[in-house]
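Each chain, written out:
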Amino acid sequence: MSAHTSRFPWNLLVGFVLSIALTLLAVFVAFNTNFSKSIILGIIGTLAIFQALIQLFMFMHVTEGKEGIINVVNMIYSVFLALVIVFGSIWVLTSGHASMH
């Protein structure tokens, strides 16, 4: 066996533990705090973004290999384009609806 295949996958264990911890923290914030709804949504949204980044970098291995940076840039561009399409469509539809009244 080579040294690479016999190593314990610490990055996977750390990613798993972080994912569980962030999930439990989000549940705790949702059920056991007296913050306003907007603050709770902001905290949970921030935790969700961190958890998504952990999933991407520790489990999906998007930064590995010689094309790692290109994969990350392509992913960021795709997310940005999807957000522009969704929120642009919502904006156009609500503007059109508001101008008809």
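Look above for the structure.
Residues numbered from 1 in each chain as written. Predicted model: local features only at pLDDT ≥ 70, side-chain atom pairs only at ≥ 80, totals over all residues. Heavy atoms only, no water.

Enquirer: Please clarify how the overall build of the chain should be interpreted in this entry.
Expert: Looking only at helices and strands, the chain has four helices and zero strands in total. Mapped from its N terminus to its C terminus, the chain presents α and β elements in the order α-α-α-α. Relative to the compact-globule value of 13 Å for 101 residues, the chain shows a C-alpha radius of gyration of 20 Å, a clear excess of over 25%. Its C-alpha atoms give the chain principal-axis dimensions of roughly 70 × 40 × 15 Å. For the chain, the residues scored as buried account for 13% of the 101 residues in total. A fraction of 54% describes how many contacts in the chain between residues 6 or more apart in sequence connect residues 24 or more apart. (Helix = DSSP H or I, 4+ residues; strand = E, 2+ residues; numbered from the N terminus. Rg over C-alpha atoms; globule rule 2.2 N^0.38 Å. Buried < 20%, exposed > 50% of the residue type's maximum accessible area, 1.4 Å probe, protein only. Contact = heavy atoms within 4.5 Å.)

Enquirer: Before we go on, may I ask you to explain the side chain of Thr 33 in this structure?
Expert: Among the secondary structure elements, Thr 33 is positioned in the loop between helix H2 (10-32) and helix H3 (37-59). The class for Thr 33 is buried, based on a relative accessible area of 19%. A distance of 2.5 Å separates the side chain of Thr 33 from the backbone oxygen of Val 29, its partner in a polar contact. (Polar contact = N/O pair within 3.5 Å; in protein donor to acceptor, adjacent residues only side chain to side chain.)

Enquirer: Please explain a nonpolar patch on the surface as it appears in this structure.
Expert: Residues Phe 8, Trp 10, Leu 12, Leu 13, Phe 16, Val 17, Ile 20, Leu 24, Phe 59 and Met 60 make up a contiguous nonpolar surface patch of about 1,000 Å² in total accessible area. Ranked by residues supplied to the nonpolar patch, first place goes to H2 with seven residues. Within the secondary structure, Val 17 is located in helix H2. (Patch = residues over 30% accessible without salt bridge, like charges linked within 9 Å, V, L, I, M, F, W, Y side chains within 5 Å. Areas by Shrake-Rupley, 256 points an atom, 1.4 Å probe, with all protein chains shown as cover. Salt bridge = Lys/Arg side-chain N within 4 Å of Asp/Glu carboxyl O.)

Enquirer: Got a minute to help me understand the environment of Ala 52 in this structure?
Expert: Checked against the element boundaries, Ala 52 lands in helix H3. Spatially, the C-alpha atom of Ala 52 lies 16 Å from that of Tyr 77, the residues being 25 residues apart in sequence.

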